[in-house]
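Geometric and topological summary
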Amino acid sequence: MSSAFVQMLQAVLLLLLAPLATGFVATCKARLQNRRGADVMQPWRNLRKLFGKEVVMAAHASWIFRTAPYVVFTATVMAASVVPALLVDTPLSLTADVIALVALLALARFFLALAGMDIGTAFGGMGASREMTFAALAEPAMLMSIFVLSLGAHSTNLTTMINHTLNSPFALHPSLAFAMVAMLMIAVAENGRIPIDNPGTHLELTMIHEAMILEYSGRHLALMEWAAMVKLMLFATLIADLFMPWGMTTDASLVGVAVAFALWIAKLAGLLLALAVIETSLAKLRLFEVPEYLSGAFVIAFLGLLSYYMLEVGA
Amino acid sequence: MSGILTLDLALAACISSLLASLLPALFTSGNILRTLLCLLLSVTGLLAIAAGITGLMEGGGALTLPLGLPWLPIHLRLDALGAFFLLLIGSLLLPVAIYSQGYLRGVTRLAPLAVFLPLFVFGMLGVVLADDAFSFMLLWEVMSLASYFLVTFEHQHAENRKAGFFYLLMAHMAGLLILGSFAVLYAASGSFEFATMRQAAISPFWAAIAFLLAGLGFGTKAGVVPLHGWLPDAHPVAPSNVSALMSGIMLKVAIFGFIRVVWDLMGPGDFQWWWGTLVLAAGSSSAVTGVLLALQQNDVKRLLAYSSIENIGIILIGLGLGMLLARYGHPTLAALGLIAALYHSINHALFKGLLFMGAGAVLHSFGSRDMESMGGLIHRMPWTAVFFLVACLSISGLPPFNGFVSEWLIFQSALMAPQLGGALLTAMVPFSAAMLALAGALAAACFVKVFGVVFLGHARSNAAAHAHEVDNWMKLGMAIPVVLCLALGLLPVLFIPLMDAVPQTLLDISLTGAVHAHGWLWLTPVDVSHASYSAPAALAGMLALGCVAFIFLHPRGESIRRSVLWSCGNPHTHARMQYSASSFSQPLRRILVGIYQPEEHIHNEKNRHKLLTRKVHFTSLVRDIAVQKLYQPIAEFVLSLAKRLDRQHQTGIHTYLAYTFYTILFLLALLSFKQAVAHYHLPSLMQAASAI
């Protein structure tokens with residue numbers, strides 16, 4: 001198999017498996033709460049239903065509102081396809097490094113927030129304001145925890161970073177532990193999960209993400225929701241890439257790709273299960289405690305950086 | 001093309017701007033004056049671009065004009081650094097000149113603007129070309145004074161006069177400090193000429209003094225926190241085309257001056273370890289403080305002015321990284337930091353100029369700078385909205401626009417920095433990168449607020465509901481920077497080799513090889529395994545995906561059904577129920593209450609009974625702490641000193657006579673003492689005494 005084919009394959013897989021991942025978390029949560037819940041295919045059925053529905057738009061919505069779902073979806077999928085999932089050295093990973101990946105997600109968020117402001121309801125503005133504020137606090141923490149790895153690998157290129165981890169002998173690095181904790185905290189926040197935001201509710205005065213997409217319907221809503229699912233998948237894959245890349249294949253052989261695929265699914269299942277457990281066992285934070293959570297993540301990432309310089313550079 | 005021709009182009013630009021400033025003497029008719037002014041300024045812009053590009057590609061030249069002081073003729077020289085800044089000046093001046101043709105229509109009292117605007121441009125062009133300290137300071141003052149008259153153009157408002165005075169005061173303090181740093185360099189080299197200064201050796205102590213004076217002087221002019229007090233007052237009150245030039249170019253000329261003195265006249269060999277650290281710290285604090293204060297402004301142009309402080313901070317982060325890396329012997333990475341800073345300079349000139357032009361367009365059709373009364377302008381001013389959106393995306397550092405490229409380059413030079421000095425110094429570099437990330441993300445929040453409140457939603461006032469689109473001149477003026485923002489964002493690989501002449505002259509390092517190694521599509525600052533970014537590929541991928549999604553999903557022949565909004569089942573909303581500018585920034589105001597220290601008041605107007613509220617007033621004011629805590633005490637001290645002196649003035653005439661008498665006595669005594677010393681020749685006197 002050529003590496004371009006594997007690249008296509010993993011991009012399509014990311015796109016198609018994303019609703020299943022969200023469904024998997026929902027099912028796990030239901031089981032943990034002693035409910036039966038819907039099966040993992042439910043998000044797919046929701047998307048199919050939404051794609052078939054008619055779009056209704058507010059009378060004075062501008063072109064920003066109409067284009068935002070496409071921009072959000074394409075920017076998120078573009079970011080996701082840059083992340084290596086099966087093959088380490090994919091052609092597209094040259095297009096954007098980790099910083100560009102974060103910026104692509106920021107582009108999606110920018111348009112999401114603008115769409116929230118476009119309708120002129122109190123909810124839309126509220127969601128936009130909160131999303132942008134919290135994202136501003138989350139972004140430095142996320143970059144900081146990525147920097148810890150970049151400094152070791154002397155690169156921000158995902159392929160090089162993964163290769164560095166694969167080729168260095170296994171050792172417990174305190175800096176990586178700090179970076180991973182920070183990254184997990186940020187992943188929860190960025191995806192609007194408990195304890196930051198509750199993806200399961202509408203009409204809550206503390207909602208963030210849902211408030212911005214309240215006015216969407218039909219295929220526009222489907223694109224927005226799908227983008228959110230892809231983003232969850234992206235973060236899970238990114239964490240697996242950065243902190244436990246073992247099993248990813250360096251050549252595009254059939255066996256290698258199959259093994260990498262199996263391990264990828266296993267890693268994702270582990271991470272998503274952990275997310276379900278966290279979401280079940282924690283209550284949502286009060287809105288103005290979120291900054292403390294995020295700055296906590298930043299401090300942890302910074303500690304990781306300091307411990308990298310203090311403990312690991314000289315050694 | 002020879003070097004002389006390049007310099008001739010630059011001189012032609014200067015002459016054409018001088019000619020423009022003479023126009024009001026010849027023409028009194030408003031329309032002819034305006035057209036000729038804009039035409040000559042456009043020509044100046046074009047000539048500056050041509051001189052800049054040829055200067056960067058083929059080297060410049062030097063020229064000595066037989067003007068100025070008898071023992072010090074004016075030296076002019078165009079080197080790579082100057083050529084780059086000429087290009088920067090020209091590439092914003094041209095669109096602003098075109099924009100002014102529409103913007104100045106209907107301005108009745110055009111003469112002051114027609115004199116001082118070209119003089120301001122002339123001063124900036126001259127500073128870039130100057131090759132001796134004397135002409136540098138002379139042209140620097142032309143720039144500062146002309147811009148003072150532009151700030152006070154609408155001097156009928158007391159607020160504008162006050163802002164203008166504050167600006168004049170700070171500009172002269174800056175001028176004095178810069179003069180001080182030239183004085184130190186003069187003492188070390190014995191000449192005012194830059195060529196001699198460049199070669200003279202300077203002791204570390206005096207180098208540090210010169211660095212501090214230049215840093216404070218140029219930092220004041222560039223608006224580095226906490227020397228920025230004048231900037232958010234002066235930029236908003238000037239006419240918008242002037243604000244665009246002041247924010248877009250004049251601040252960059254201050255950056256140019258800093259690079260000229262510190263990187264060029266002193267040079268990387270003189271850098272001390274704390275210089276880069278100081279610049280890095282100043283840059284990080286300016287970036288974060290600037291954007292935090294920008295987020296709390298409700299006046300569009302004031303917000304943009306604070307955002308300029310943020311961007312100057314980002315440029316300084318790049319320069320500071322470059323200085324640290326050059327000090328610790330990594331010239332290639334230092335060149336990367338320098339290139340990143342220069343790239344951000346030209347980017348900021350373009351998108352901030354565009355933002356001020358957009359704000360001017362809104363102001364022109366709407367009549368107010370207050371965001372709280374705007375809203376829904378995307379329907380009334382569709383073109384301006386598109387241009388403004390591009391500028392918002394660029395300044396927020398989002399791909400595929402230009403702001404992202406320069407921020408990405410700064411991140412790269414920060415992350416590739418190897419061990420420098422101690423662990424703490426080394427850890428400061430990624431920390432400043434994190435501050436850059438924070439500033440970038442907050443800038444995105446800030447510009448979602450600006451675009452969302454001004455252009456989206458419902459109109460918040462009657463004036464906003466009846467705003468109109470601007471004319472074609474203004475549209476054309478705004479369209480040029482839009483194209484350039486996209487071009488600089490998509491094809492950095494073509495622009496960086498052009499700028500490469502600057503690190504070649506300052507550091508003897510060329511980045512072209514590394515950048516070009518993988519073709520025009522991939523930007524690879526050092527090596528492809530370190531990092532790479534391809535905006536064209538990312539954009540092409542997104543466009544392809546977006547088109548597929550659209551074609552696949554969009555049903556043919558059906559238009560979208562429009563209906564009342566849902567708003568959680570409560571469609572009866574009012575324009576006043578939207579999130580406003582101050583409510584958008586409320587979460588941050590609450591999170592950072594210790595930094596902002598907002599003054600918030602709620603006033604309930606009761607209707608006979610304490611439970612029956614008729615009206616609620618809410619005011620929230622965030623002051624600039626630096627201005628309050630640093631400038632206010634100094635101003636009060638000076639004022640109290642002046643009052644005390646004033647008391648001395650209010651005595652009778654006999655006191656004044658006594659002052660005169662004692663002064664004459666003192667002067668006579670001084671004179672006779674000097675004569676006595678000269679007559680007896682003190683050393684020989686002392687020799688005689690010792691002989692006896």
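As a further point, take the overall build of chain B. Check the secondary structure of chain B and you find 29 helices and 5 strands. For 692 residues, the compact-globule estimate of 2.2 N^0.38 gives 26 Å, and chain B sits close to it at 28 Å. Dimensions of chain B, computed from C-alpha atoms along their principal axes, come out at roughly 115 × 75 × 60 Å. By the burial criterion, 54% of the 692 residues in chain B qualify as buried. Of the contacts made within chain B by residues no fewer than 6 positions apart, 78% connect residues no fewer than 24 positions apart.

Before going further, it helps to spend a moment on the overall build of chain A. In terms of helices and strands, chain A carries 11 helices and 1 strand. Taking the principal axes of its C-alpha atoms as reference, chain A extends roughly 60 × 45 × 45 Å. Excluding contacts between residues fewer than 6 apart, the proportion of contacts in chain A whose partners are at least 24 apart in sequence is 80%.

Time to look at the nonpolar core. Ranked by internal contacts, the top residues of the largest apolar core, which has 368 residues, are A21 and A301 of chain A. The element best represented in this core is helix α17 (residues 423-455) of chain B, accounting for 23 residues. Setting aside residues no more than four positions away along its own chain, A21 of chain A makes contact with M229, L232, M233, A236, L268 and L272 of chain A.

All names here are of chain A. Under the 1.5 Å per step criterion, the end-to-end length of helix α3 (residues 63-82) is 28 Å for 20 residues, consistent within 8% with the ideal 28 Å. Where α3 bends most, at P69, the angle is about 25°. The element α3 is largely enclosed, with a buried count of 17 among its 20 residues.

Turning our eyes to something else, we now look at the confidence of the model for chain A. This prediction gives chain A a mean pLDDT of 90; 98% of its residues lie at or above 70. Per-element confidence in chain A ranges from a low mean pLDDT of 88 for helix α8 (residues 209-212) of chain A to a high of 95 for helix α4 (residues 98-118) of chain A.

This part covers unusual backbone geometry. Between I194 of chain A and the following residue, P195 of chain A, the backbone shows a cis peptide bond with an omega angle of 15°. The residue P195 of chain A is located in the loop between α7 (174-190) and α8 in this model. Phi at N34 of chain A is positive, roughly 60°, even though this residue is not glycine. The backbone of R608 of chain B sits at a positive phi, close to 70°, despite the residue not being glycine. Structurally, the position occupied by R608 of chain B is in the loop between β4 (599-607) and β5 (609-621).

At the junction of the two partners, chain A supplies 69 residues and chain B supplies 65 residues. Put simply, the parts of the chain that give the side of chain A that touches chain B at least two residues each are β1 (56-58), α3, α4, α5 (122-153), α9 (218-243) and α11 (290-312) of chain A. Here the element with the most residues in the side of chain A that touches chain B is α5 of chain A; it accounts for 18 residues. Classifying every residue of the side of chain A that touches chain B by side-chain character gives 47 nonpolar, 15 polar and 7 charged. As paired strands, β1 of chain A and strand β3 (residues 561-563) of chain B are joined by 3 bridges and run parallel to one another. For V56 of chain A, the partnering residue across the bridge sits in β3 of chain B and is R561 of chain B.

Moving on to helix α12 (residues 300-327) of chain B. In an α-helix, one turn spans 3.6 residues, which is why side chains three or four residues apart end up on the same side. Residue and element names in this part refer to chain B. The terminal C-alpha atoms of α12, which comprises 28 residues, lie 41 Å apart, in line with the 40 Å expected from a rise of 1.5 Å per residue. Most of α12 sits out of view: 28 of its 28 residues are buried. Positive phi shows up at G329, right after α12, with a value of about 75°.

Attention now goes to the pairing of β4 of chain B. The element β4 of chain B is barely covered by neighbouring structure, given that only 0 of its 9 residues are classed as buried. The hairpin formed by β4 of chain B and β5 of chain B contains 1 residue between the paired strands, and R608 of chain B there has a positive phi angle of roughly 70°.

So, about the packing of α7 of chain A against α11 of chain A. Residues and elements named next belong to chain A. The interhelical angle for the contact between α7 and α11, taken along N-to-C directions, is 160°, at an axis separation of 8 Å. On the basis of the axis angle, α7 is roughly antiparallel to α11. Pair α7 / α11 crosses with left-handed handedness. Where α7 abuts α11, its residues P174, S175, F178, A179, V181, A182, M185, I186 and A189 lie against Y293, L294, A297, I300, A301, L303, G304, S307, Y308, L311 and E312. Split into classes, the residues belonging to the contact of α7 with α11 amount to 16 nonpolar, 3 polar and 1 charged.

With that settled, the discussion passes to the pairing of strand β1 (residues 62-69) of chain B. Residues and elements named next belong to chain B. By the criterion of burial, β1 is predominantly exposed, with just 0 of the 8 residues buried. Taken together, the 6 bridges between β1 and strand β2 (residues 72-77) define a ladder with antiparallel strand orientation. The partner of L69 across the bridge, within β2, is L72. The hairpin turn running from β1 into β2, its antiparallel successor, is 2 residues long.

All names here are of chain B. Topologically, F366 is positioned in helix α13 (residues 331-366). Note: C-alpha distance between F366 and A467 (101 residues apart in sequence) is 5.5 Å. Those residues within four positions of F366 in sequence are excluded, and the remaining contacts are M374, A463, A464 and A467.

Here the focus is the environment of Y328 of chain B. All names here are of chain B. Mapping Y328 onto the fold places it in the loop between α12 and α13. Between the alpha carbons of Y328 and W273 there is a distance of 8.0 Å; along the sequence they are 55 residues apart. Beyond its immediate chain neighbours, meaning those up to four positions away, Y328 contacts L420 and G421.

Averaged over all residues, the pLDDT of chain B is 89; the fraction at 70 or higher stands at 96%. Predicted complex, confidence summary: ipTM 0.96, pTM 0.93.

A few words now on the packing of helix α11 (residues 273-295) of chain B against α17 of chain B. Residues and elements named next belong to chain B. Interaxial distance between α11 and α17 falls to 9 Å at its minimum, and their mutual angle equals 20°. When the interaxial angle is binned, α11 and α17 end up roughly parallel. Remark: the crossing between α11 and α17 carries left-handed chirality. For the pair α11 and α17, the contacting residues are T277, L280, S284, A287, V288, V291, L292, A294 and L295 in the first and L425, M428, S432, M435, L436, L438, A439, L442, A443, A445, C446 and K449 in the second. Counted by class, the contact of α11 with α17 contains 17 nonpolar, 3 polar and 1 charged residues.

Another aspect to go through is the environment of N160 of chain B. Considering the arrangement of structural elements, one finds N160 of chain B in helix α6 (residues 158-189). Residues N160 of chain B and V261 of chain B lie 101 residues apart in sequence; the distance between their C-alpha atoms is 33 Å.

The rules behind the values
- Residues numbered from 1 in each chain as written.
- Chains lettered and ligands numbered in written order.
- Predicted model: local features only at pLDDT ≥ 70, side-chain atom pairs only at ≥ 80, totals over all residues.
- Helix = DSSP H or I, 4+ residues; strand = E, 2+ residues; numbered from the N terminus.
- Rg over C-alpha atoms; globule rule 2.2 N^0.38 Å.
- Buried ≥ 20, exposed ≤ 12 C-beta atoms within 10 Å, placed from the backbone.
- Contact = placed C-beta atoms within 7 Å.
- Core = buried A, V, L, I, M, F, W, Y, C linked by C-beta atoms within 7 Å.
- Expected span 1.5 Å × (residues − 1).
- Bend = angle between axes of the 7 residues up to and from the residue.
- pLDDT = per-residue confidence, 0-100.
- Nonpolar A, V, L, I, M, F, W, Y, C, P; charged D, E, K, R; others polar.
- Pairing = 2+ DSSP bridges.
- Axes fitted to C-alpha atoms, helices over the stretch in contact; angles between N-to-C directions.
- Parallel < 35°, antiparallel > 145°, perpendicular 65-115°, else oblique.
- Left-handed = near helix turned anticlockwise from the far one by under 90°.

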